[in-house]
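# Structural overview for review
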Amino acid sequence: MDGIQDGVAVVTGAGSGIGRETARRFAREGASVVVADVDEDGGHDTVEMIGDDGGEATFVRTDVSDQGEVDRMVQTALDEYGGLDFAHNNAGIEGDNAPLADDTEENWDAVIDVNLKGVWRCMQAEIPAMLERGGGRIVNTASISGQTGSGGAPYVASKHGVIGLTRKAAVDYSGENIRVNAVCPGIIQTPMIDRAQEDSAELLEQMTAATPAGRLGQPEEIASAVVWLCSDGASYVMGHPFTIDGALTVQ
Ligand SMILES: NC(=O)c1ccc[n+]([C@@H]2O[C@H](COP(=O)([O-])OP(=O)(O)OC[C@H]3O[C@@H](n4cnc5c(N)ncnc54)[C@H](O)[C@@H]3O)[C@@H](O)[C@H]2O)c1
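The rules behind each value
Throughout this document, residue positions are counted from 1 along each chain, in the order its sequence is written. Local features in this predicted model are restricted to residues of pLDDT 70 or higher, and side-chain atom pairs are both shown and tallied only at a pLDDT of 80 or more, whereas totals for entire chains, interfaces and linings draw on every residue. Derived side-chain values reflect all non-hydrogen atoms in the structure, with water molecules and hydrogen atoms excluded from consideration. UniProt positions are given in the numbering used here, feature names are shortened, and annotations may be inferred rather than shown by experiment. Axes here mean lines fitted to C-alpha atoms, for a helix over just the part in contact, with angles spanning 0 to 180 degrees between N-to-C directions. To qualify as a helix, a DSSP run of H or I must reach at least 4 residues; to qualify as a strand, a run of E must reach at least 2; elements of each kind are numbered from the N terminus. Geometric relationships in this document are graded by angle, where less than 35 degrees denotes roughly parallel, more than 145 denotes roughly antiparallel, 65 to 115 denotes roughly perpendicular, and other angles denote oblique. Helix crossings are classified by the rotation of the near helix relative to the far one: an anticlockwise turn of less than a right angle makes the crossing left-handed, while a clockwise turn makes it right-handed. Only heavy atoms enter the contact rule, under which two residues are in contact if any of them lie within 4.5 Å. Only Asp, Glu, Lys and Arg are considered charged in this grouping, and only Ala, Val, Leu, Ile, Met, Phe, Trp, Tyr, Cys and Pro are considered nonpolar; every other residue, Gly among them, is considered polar. Buried Ala, Val, Leu, Ile, Met, Phe, Trp, Tyr and Cys residues form a nonpolar core when they are joined through side-chain atoms within 4.5 Å. Here's how the labels work: a residue is buried when its accessible area is under 20% of the maximum for its type, exposed when over 50%, partly exposed in between, all with a 1.4 Å probe on protein chains only. Proximity criterion: a residue is near a molecule or strand once any of its heavy atoms comes within 4 Å of it. A 3.5 Å cut-off defines polar contacts: any pair of N or O atoms within that distance qualifies, except that in protein one atom must be a possible hydrogen donor and the other a possible acceptor, and neighbouring residues in sequence count only when both atoms are side-chain atoms. Throughout, the Shrake-Rupley method with a 1.4 Å probe supplies accessible areas, and for residues the shown protein chains are the sole cover considered. Using protein atoms alone on a 1 Å grid, points that fit a 1.4 Å probe yet trap it form a cavity, whereas open point sets bounded by protein on both sides within 12 Å along at least five of seven lines form a pocket; residues with an atom within 4 Å of a point count as lining. Think of it this way: a molecule belongs to a cavity or pocket when more than half its atoms come within 2 Å of the grid points there. Should DSSP find at least two bridges between two strands, the strands are regarded as paired. Grid points are joined across faces, edges and corners, and a volume is the space filled by probe spheres set on the points.

In the annotation of an unreviewed UniProt entry, the entry for the protein chain reads Glucose 1-dehydrogenase, and the organism field reads Salinirubellus salinus. Heading Sequence similarities (unreviewed entry) of the UniProt record for the protein chain holds this comment: "Belongs to the short-chain dehydrogenases/reductases (SDR) family."

Given below as structure tokens:
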């Protein structure tokens, strides 16, 4: 994809699932990648996979609910690779999925802090570094739960919020050569979905049956959309919530 080679990317939640595949795809397209995650084993495994593919990556333990660690993540891109061009703000947790009135404040605070405020913290740290470089590309992971009421209340609210934050950032920085977009994955086969399946053995079948494509998505299919949104091919795509869901939400 044009415009990715020799760039520098940070990917949060890159120790698993969608983030791991985005990190690998950036590296395959010739970017150097900062792999950020709270899960150190997962993060190191991703770096090893990228190395095995012949790519360049470094791991930095990052909890996106801690501004100091987020700042250190961006500083790692500057120190190791000399700047920052691309960011995939992707770390997220599903939280508990209770009916709204049964939900707890603890669950609300935990999910909002990672999924919504985490994306805000990351952009706050990334944008100044990108302005310094003369521009950049940011993709935030929202969800079809950002466009529907499907999922726990804080999850749904956080993902609607990510789309709003993406639009605000695009309004503020599109004129300064920073393109900001979001991806809204449908049901993607990652450890997050494996965990949901543990609670209900039939869930996978139900989710597959509900998807017009007749199958769940693969993390690589989100990764390729993220890297394309960062590429020159998407040069006039700004503030867009890009749905990738096998036609789940259009039926
Ligand atoms: N899998 C799906 O069906 C699906 C659908 C829509 C949206 N999403 C979103 O995609 C993103 C990635 O999910 P996934 O399916 O790959 O899940 P996953 O659980 O496989 O990966 C999430 C990663 O985020 C990391 N993480 C969690 N909290 C963190 C924190 N505070 N700081 C840094 N890293 C943290 C985890 O350690 C993990 O490596 C999430 O934002 C999720 O909400 C997933």
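Here the narrative resumes.
Between helix H3 (residues 67-81) and helix H4 (residues 105-133), whose axes approach to 9 Å, the crossing angle comes to 30°. By the angle between their axes, H3 is roughly parallel relative to H4. Where H3 crosses over H4, the two elements pack in a sense that is right-handed. Residues Gln67, Val70, Asp71, Met73, Val74 and Leu78 of H3 touch H4, and the partners they reach there are Arg121, Cys122, Ala125, Glu126 and Ala129. Residues of the contact of H3 with H4, tallied by class, amount to 7 nonpolar, 1 polar and 3 charged.

One finds Val10, Val34, Met73, Leu84, Met123, Ile138 and Val180 to be the most contacted residues of the largest nonpolar core, which totals 32 residues. When contributions to this core are tallied by element, the ones reaching two or more residues are strand E1 (8-12), strand E2 (32-37), H3, H4, helix H5 (153-173) and strand E6 (178-185). When sequence neighbours within four positions are dropped, the list of residues in contact with valine 10 reads Val34, Met73, Ala77, Leu84, Phe86, Ala87, His88 and Glu126. Core analysis: the next-biggest nonpolar cluster, separate from the first, contains 25 residues, Ala27, Ile50, Ala57 and Ala225 among them.

Below, the discussion takes up the site of the ligand. Close to the ligand lie 30 residues, the nearest being Ser16, Asp37, Asn90, Tyr155 and Thr190. Contacts to the ligand include lysine 159, whose side-chain N or O atom sits 2.9 Å from an oxygen atom. In the environment of the ligand, an oxygen atom lies 3.3 Å from a nitrogen or oxygen atom belonging to the backbone of glycine 186. In isolation the ligand exposes 820 Å². Once the protein is present, 93% of that is buried. Its atoms largely coinciding with the cavity grid, the ligand occupies the largest pocket.

Once that is clear, we can look at the sheet that holds E2. The parallel open sheet is built from 7 strands, whose spatial order is E3-E2-E1-E4-E5-E6-E7. The open sheet has two edge strands with one neighbour each: strand E3 (56-61) and strand E7 (241-244). The sheet shows a mean angle of 20° between the axes of neighbouring strands, taken without regard to direction. With 5 bridges joining them, E1 and E2 adopt parallel strand pairing. Bridge assignment links valine 8 to a residue of E2, and that residue is serine 32. Those strands touched by helix H2 (residues 40-52) are E2 and E3, and its axis lies near 175° from that of E3. The sheet strands contacting helix H8 (residues 219-230) are strand E4 (86-89), strand E5 (136-141), E6 and E7, and the helix crosses E6 at an angle near 165°.

Turning our eyes to something else, we now look at the layout of surface pockets. By volume, the largest pocket amounts to about 1300 Å³. In terms of lining residues, the largest pocket is bounded by 48 residues, among which Ile93, Glu94, Tyr155, Met192 and Ile193 are the most central. Listed by contribution, the elements that provide at least two residues to the lining of the largest pocket are helix H1 (17-28), E2, H5, helix H6 (191-199) and helix H7 (203-210). For the lining of the largest pocket, the element with the highest residue contribution is H6, accounting for 6 residues. Per-class residue counts for the lining of the largest pocket are 20 nonpolar, 20 polar and 8 charged. There is about 170 Å³ of room inside the second largest pocket. For the lining of the second largest pocket, the elements supplying multiple residues, two or more each, are H4 and H5. Among the elements that make up the lining of the second largest pocket, the one with the highest residue count is H5 (5 residues). Partitioning the lining of the second largest pocket into residue classes produces 6 nonpolar, 1 polar and 2 charged.

Positive phi values are uncommon outside glycine, yet aspartate 6 reaches one of about 70°. Inspection of the secondary structure puts aspartate 6 in the segment before E1. Look at aspartate 6 and you get exposed, because its relative accessible area is 64%. Although it is not a glycine, alanine 247 adopts a positive phi angle of roughly 75°. Tracing the backbone through its elements, the reader meets alanine 247 in the segment after E7. Take alanine 247: its relative accessible area is 30%, and that puts it in the partly exposed class.

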